[in-house]
Amino acid sequence: MAAANYVPSEYQFLCSICLDVFTDPVTIPCGHNFCKTCITEHWDRSDRYQCPMCKKEFYTRPELQVNTLFSEMAAHFRQSAQLKASSSISSSEQQVFKPGEVPCDVCTETKLKALKSCLVCLTSYCETHLEPHLTASSLKRHQLIDPVENLEDRMCLKHDKPLELFCKTDQTCVCLLCHFSDHKMHDVVPLKEGYEGEKAELETETQQMIQKRQLKIEEIKHSVDLSQEEADREIAEGVQVFTALKESVERGQANLINTIKEKQETTENQAEDFIKELEQEISELQKRSSEMEQVTHSEDHLHLLQRFMSLKVAPPTKDWTEVSIHSSHEGTVVRAVVQLEETFSKEMKKQLEAELKRVQRYAVDVTLDPNTANRSLFLSRDGKQVSHGDVKNLPNNPERFSNCVCVLGKQSFSSGRFYFEVQVKGKTQWTLGVIRESINRKGDISLSPQWGNWSIWLRNGNEYKANDDLQVLLSLKSQPQKVGVFVDYEEGLVSFYDVDAAALIYSFTGCSFTEKLYPYFSPSNKDDGKNSAPLIISPVIVN
């Protein structure tokens, strides 16, 4: 009963060489079946006799045995398949080709929709023009597939055979003949298996890429949250500082106004006292003048003289020549501004100390790279000190600076923030900063951002300059003994600090970094011993 219900699978009647239903099937000694023509042509092209299925090799060319039962079953299966295909196609309606569909390549007037494409003819056919492939014996062996465009792309350019296998070794589609020639020892699988494998691998890779990007999204969101927290904190601190400064300004303004008013009131009171005193003296003098007028009408000269003598008694004796009212407001505003400046300086000092502590959190351990050091430089064993010395015989490797008396740090940075400190005590000349990786190392270096370096220097013991696009002379309140260098790669910022004074020396802003940055050190020439002290990379200590 089980045998009666058995339905043969389509794959049992497909030749593994042409991948079509068997035509004149024959059996070789290992038991595998092939189309007579297929196996004959296969062995004609090969220098050895090998089964295409199990790879068993025969010393002589085997005789081909016709499998009568299998031949009848294959013929029956072919007839059933053709009837089924014919019935399916005949029942379909003729459809006019629409955009996005595959047109029939044979139709000359109205292009109809193609029902099948032939991999042998490399042509797509509508229902009418497909009929010969279903009836003509010479065309029945052609491989029909669902309609597709660009059929030429599905054929092997070398063997003019359908691309029906996938070479996993070379990651390319190949034909059956390629499998037995150029790809004989490769891992070759059917297209479906190759597709499924590649699909699974692509899906896995895609999922991994999605996960990585989702993690990156979370990382970016977290960074934004941290940035928002930092922004809120900075705003709060800024509002607090500016509120305090504003209150200080308002107090200074109120004190200035009160001081001026008080001085003005004192001046007015003094003037009022002077005026009263003068008015009193004028009154007395007017009284004396009136009495003199009365005396002058008498002709008794003795009496007149006696009267004049009495009028001369206790006359006003105060000398008003040097008496004056002076304004005492001059310098009041200046003194108030000076006091305000002192307040601002204290607040600035406080903020700079906080800023220095903040950037010191990004401290990195920098060591000097001997492969970059100019041959006249001496480096300590721990790679933390560099000074100028005698020229040494060292290999002129590509990394080494030939003209510039300088050395780079081993560490490079292409993102984020970093900070390091260098002791410059006892030196009369030095240059510090950062430099891009592609800087010219075999010639003279122009120190400016446009040439890929951001630095400051000391010359002649007390002349400090920032090597910007135009050199900037720096006026420092004190000579730095230790210089801190801070870089924010994404922000495009390079800042230099006087560590001991907690003061900002100079900042390069709006920089555009596109490659790796290296710490840059130049102790300069020893100058007959005046500049023999080394540059020392110091450990960062946060107070």
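Residues numbered from 1 in each chain as written. Predicted model: local features only at pLDDT ≥ 70, side-chain atom pairs only at ≥ 80, totals over all residues. Heavy atoms only, no water.

Quick word on the overall build of the chain
Along its length, the chain carries eight helices and 24 strands. Relative to its full complement of 543 residues, the chain shows a buried share of 34%. In the chain, once contacts between residues fewer than 6 apart in sequence are set aside, the share between residues at least 24 apart is 56%. Here the chain displays about 34,400 Å² of accessible surface, and carbon together with sulfur accounts for 52% of that area. (Helix = DSSP H or I, 4+ residues; strand = E, 2+ residues; numbered from the N terminus. Buried < 20%, exposed > 50% of the residue type's maximum accessible area, 1.4 Å probe, protein only. Contact = heavy atoms within 4.5 Å. Areas by Shrake-Rupley, 256 points an atom, 1.4 Å probe, with all protein chains shown as cover.)

Notes on the pairing of strand E21 (residues 493–498)
Judged by how many residues are buried, E21 sits mostly within the fold: six of six residues are covered. Here E21 shows no split at all, with Leu493, Ser495 and Tyr497 on one side and Val494, Phe496 and Asp498 on the other all buried. Where strand E20 (residues 482–488) meets E21, six bridges bridge the pair, whose relative direction is antiparallel. Directly across from phenylalanine 486, in E21, lies its bridge partner serine 495. Two successive antiparallel strands, E20 and E21, enclose a turn made up of four residues, where glycine 492 displays a positive phi of approximately 70 degrees. Summarising the sheet, E21 and strand E22 (residues 503–508) pair through five bridges and their orientation is antiparallel. What sits directly across from tyrosine 497, in E22, is leucine 504. Taken together, E21 and the strand that follows it, E22, pair antiparallel across an intervening segment of four residues, in which alanine 502 is found at a positive phi of about 50 degrees. (Pairing = 2+ DSSP bridges.)

Thoughts on the confidence of the model for the chain
Across the chain, the average pLDDT comes to 84, with 90% of residues at 70 or higher. The low-confidence segment residues 1–8 (pLDDT under 50) makes two contacts with residues lying over four places distant or belonging to another chain. Every residue in residues 88–93 scores below 50 in pLDDT, and together they form eight contacts with partners more than four places removed in sequence or on other chains. (pLDDT = per-residue confidence, 0-100.)

A word on the side chain of serine 248
Locating serine 248 in the fold gives a position in helix H6 (residues 191–295). Those residues in contact with serine 248 that sit more than four places away from it in its chain are Leu340 and Thr343.

Some details on the pairing of E20
By the criterion of burial, E20 is predominantly enclosed, with seven of the seven residues buried. Of the two faces of E20, the one holding Lys482, Gly484, Phe486 and Asp488 and the one holding Val483, Val485 and Val487 are both buried throughout. For strand E15 (residues 417–423) and E20, the ladder comprises seven bridges, and the chain directions are antiparallel. In the strand pairing of E20, glutamate 421 is matched with glycine 484.

Looking at the sheet that holds strand E11 (residues 188–190)
An order of E10-E9-E11 is seen for the three strands of this open sheet, with the pairing classed as antiparallel. This sheet does not close on itself; its edge strands, each paired only once, are strand E10 (172–174) and E11. Averaged over all pairs of adjacent strands, the angle between strand axes in this sheet comes to 35 degrees, irrespective of strand direction. (Axes fitted to C-alpha atoms, helices over the stretch in contact; angles between N-to-C directions.)

Remarks on unusual backbone geometry
Although it is not a glycine, aspartate 24 sits at a positive phi angle of roughly 50 degrees. Here aspartate 24 lies in the segment before strand E1 (25–27). When its relative accessible area of 52% is taken as the criterion, aspartate 24 is described as exposed. With a phi close to 55 degrees, glutamine 171 is a non-glycine residue in the positive phi region. Turning to its location among the elements, glutamine 171 is positioned in the loop between strand E9 (165–167) and E10. Overall, the relative accessible area of 44% leaves glutamine 171 in the partly exposed class.

Overview of helix H3 (residues 127–135)
Considered for burial, the residues of H3 that qualify are Glu127, Leu130, His133 and Leu134. Within H3, the buried residues cover an arc of 95 degrees as seen down the axis, which keeps them to one side. (Arc of directions from axis to C-beta.)

Quick word on the packing of aromatic side chains
Tallied over the full model, the rule gives nine aromatic pairs. Considering the side-chain rings of tryptophan 454 and phenylalanine 513, the 5.0 Å spacing of their centres and the 85 degrees angle between planes classify their relative orientation as edge-to-face. Of this pair, tryptophan 454 sits in strand E17 (residues 453–459) while phenylalanine 513 sits in the loop between E22 and strand E23 (517–522), and the two are 59 residues apart along the sequence. Under the relative-accessibility criterion, phenylalanine 513 is labelled buried at 11%. (Phe/Tyr/Trp six-rings, centres within 6.5 Å; stacked < 30°, edge-to-face > 60°.)

Considering the sheet that holds strand E5 (residues 65–66)
Read from one edge to the other, the open sheet built from three strands follows the order E2-E1-E5, with strand pairing classed as antiparallel. Looking at which strands have only one partner, the edges of the open sheet turn out to be strand E2 (33–35) and E5. The pairing of E1 with E5 spans two bridges and is antiparallel. Each bridged residue has a counterpart across the sheet, and for valine 26 the counterpart in E5 is valine 66. Helix H1 (residues 36–45) contacts E1 and E2 of the sheet and is inclined by roughly 90 degrees relative to E2.

With respect to the pattern of salt bridges
All chains considered together, the criterion is met by 14 salt bridges. The shortest N-O distance in the salt bridge between glutamate 101 and lysine 113 comes to 4.0 Å. Of this pair, glutamate 101 sits in the loop between helix H2 (68–90) and strand E6 (116–118) while lysine 113 sits in the loop between H2 and E6, and the two are twelve residues apart along the sequence. Residue glutamate 272 pairs with lysine 276 through a salt bridge whose shortest N-O separation is 3.7 Å. Here lysine 276 and glutamate 272 lie together in helix H6, a separation of four residues that amounts to about one turn. (Salt bridge = Lys/Arg side-chain N within 4 Å of Asp/Glu carboxyl O.)

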